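Architecture and fold: a report
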Amino acid sequence: MLISNGSVFMPAVLTLTGIPGLESVQHWIGIPFCVMYFLAVIGNSLILGIIKYEHSFHKPMYIFLAMLGATDIALSTCILPKMLGIFWFHLPEISFAACLLQMWLIHSFQAIESGILLAMALDRYVAICIPLRHATIFSQQLLTHIAVGVTLRAAILVAPCLVLIKCHLKFYRTTVISHTYCEHMAIVKLATEDVRINKIYGLFVAFSILGFDIIFITLSYVQIFITVFQLPQKEARFKAFNTCIAHICVFLQFYLLAFFSFFTHRFGAHVPPYVHILLSNLYLLVPPFLNPIVYGVKTKQICDHVLKVFFSKNAS
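Presented here is a report on the structure given in the accompanying data block. (Residues numbered from 1 in each chain as written. Predicted model: local features only at pLDDT ≥ 70, side-chain atom pairs only at ≥ 80, totals over all residues. Heavy atoms only, no water.)

Concerning the nonpolar core
Buried together is how nonpolar side chains tend to be arranged in soluble globular proteins. What counts, and what does not: What we call a nonpolar core is a set of buried Ala, Val, Leu, Ile, Met, Phe, Trp, Tyr and Cys residues that are connected through their side-chain atoms within 4.5 Å. Only protein chains enter the accessibility calculation, which uses a 1.4 Å probe; a residue is then buried when its area is under 20% of its type maximum, exposed when over 50%, and partly exposed in between. Helix and strand definitions here come from DSSP, where helices need a minimum of 4 consecutive H or I residues and strands a minimum of 2 consecutive E residues; each element is numbered from the N-terminal end. Residue contacts are defined here by distance: any two heavy atoms, one from each residue, within 4.5 Å place the two residues in contact.
The biggest cluster of nonpolar side chains holds 94 residues, and the ones touching the most others in it are Ile165 and Ile177. At 16 residues, helix α3 (residues 96-129) tops the list of elements feeding residues into this core. Excluding residues within four positions of it along the chain, Ile177 makes contact with Leu14, Thr15, Leu16, Thr17, Cys99, Cys182, Ala186, Ile187 and Leu190.

Set out below in structure tokens:
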């Protein structure tokens, strides 16, 4: 309903514009995004299948990898179908409720992925620094608690963002979101009211999840490196370090893209809008695409099983 000053009261439908400034070429941009998505789904599904059916992979490191793959599939699926609908089929409208749901799912899966990366770092810390206690510490019960814990942490911390938007923000200057998906700050910036509490809580969630996780991941790897370099044999040092390479690559790509996107979106006032949007999209689509490649190449056991799957199919 339109109000006298031109603002909109609780709009039923919002419009996603896609990538501002690149509307004429965004149908071409959709092609590499679509390819990345399908490769991400295929790669992560393949790793999930191998881990599920190969009993030798029923270990904490691989179970966490399976959780990461499932989260990557869910995260990229939350964003890409609607994005391609905008790029290719000119379907920019989304209901306000669906927009809030998409926002909650995207930010929740981001937080879950960060929690899984922390769990993987702690698993490597225990395996290298106190290997004799690894099987005792990382029991099946602890793995279940970690899975439930990272999921509940994400869902509970992100949920107030929805409540604050739904209950605190009533009037909107426009119903057009200059983005390819429903992101927290993109929605908040539409409001005509005071949005400081929304911004503050958004920063609190970002730093309490990403900030907390990155600190403890860094501390874990500092201790891992200290332990590895104290090993007397060069071969033992190389073997221990090699078990962490894949996770370090995944860790760096996730958090570097996350913080670069986060800070340019909030503090890069002179950065063109299309750069913000492209960075946000790459942050959500690149890790799910690269993670199975990194683990497939750097984890010999998984690489061997992937080759076995394809060669057995070719032989038949």
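Observations regarding the environment of His168
Its location among the elements puts His168 in helix α5 (residues 140-168). Using a relative accessible area of 33% as the deciding quantity, one classes His168 as partly exposed. Once the C-alpha coordinates of His168 and Asp123 are considered, the two residues, 45 residues apart in sequence, prove to be 41 Å apart. In contact with His168, other than residues within four places in its own chain, are Val163, Glu193, Asp194, Ile197 and Asn198.

Describing the state of the cysteines
The test is simple: Only a pair of cysteine sulfur atoms within 2.5 Å counts as a disulfide in this structure description.
Applying the stated rule across the entire model yields 1 disulfide. The thiol of Cys129 is not disulfide-bonded; the next cysteine sulfur, from Cys244, is found 8.8 Å away. A disulfide-free cysteine, Cys161 has its sulfur positioned 13 Å from the sulfur of Cys167, the nearest such atom.

Some thoughts on the packing of aromatic side chains
Basically, it comes down to this: Only rings of Phe, Tyr and Trp enter the pairing, Trp through its six-membered ring, and a pair is recorded when the two centres are within 6.5 Å. The plane angle decides the type: under 30 degrees is stacked, over 60 is edge-to-face, the rest tilted.
By the definition in use, this model includes 12 aromatic pairs. Ring centres 4.6 Å apart and planes at 45° place the aromatic pair Phe212 and Phe216 in the tilted group. In this pair, Phe212 and Phe216 both sit in helix α7 (residues 196-229), 4 residues apart, roughly one turn of the helix. Each ring, one from Tyr221 and one from Phe225, has its centre 6.1 Å from the other, and the planes form 50°; the classification is tilted. With Tyr221 and Phe225 both in helix α7 and 4 residues apart, the pair spans about one turn of that helix. The class for Tyr221 is buried, based on a relative accessible area of 5%. By way of ring pairs, the aromatic residues Phe251, Phe254, Tyr255 and Tyr283 are connected into one cluster.

Here we look at a nonpolar patch on the surface
For clarity, the threshold we go by: Each patch is assembled from residues with relative accessible area greater than 30% and no salt bridge, linking like charges that lie within 9 Å and nonpolar side chains (Val, Leu, Ile, Met, Phe, Trp, Tyr) that lie within 5 Å. The accessible surface values rely on the Shrake-Rupley method and a 1.4 Å probe; as for residues, cover is taken only from the protein chains in view. Throughout this description, the term salt bridge denotes a Lys or Arg side-chain nitrogen within 4 Å of a carboxyl oxygen of Asp or Glu.
There is a patch of nonpolar side chains on the surface, built from Val25, Trp28, Ile31, Val35, Leu39, Trp88, Phe89 and Leu91 and spanning about 780 Å² of accessible area. Top contributing element to the nonpolar patch by residue count: helix α1 (residues 26-53), with 4 residues. Here Trp28 shows up in helix α1.

Details of the sheet that holds strand β5 (residues 176-177)
So the rule is basically this: Strand pairing is assigned whenever DSSP identifies at least 2 bridges connecting the two strands. A fitted line through C-alpha atoms represents every axis, and for helices the fit uses only the stretch in contact; the resulting angles, taken between N-to-C directions, go from 0 to 180 degrees.
The mixed open sheet is built from 3 strands, whose spatial order is β3-β2-β5. Of all strands in the sheet, those with a lone pairing partner are β3 (93-95) and β5, marking the two edges. Relative to β5, strand β2 (residues 13-16) runs parallel, the two being bridged by 2 bridges. Looking at β5, one finds that Leu16 is bridged to Ile177. Contacts between α3 and the sheet are confined to β2, β3 and β5, with β3 contributing the most and set at about 85° to the helix.

Honestly, that's just the spatial picture; any functional story needs more than this.
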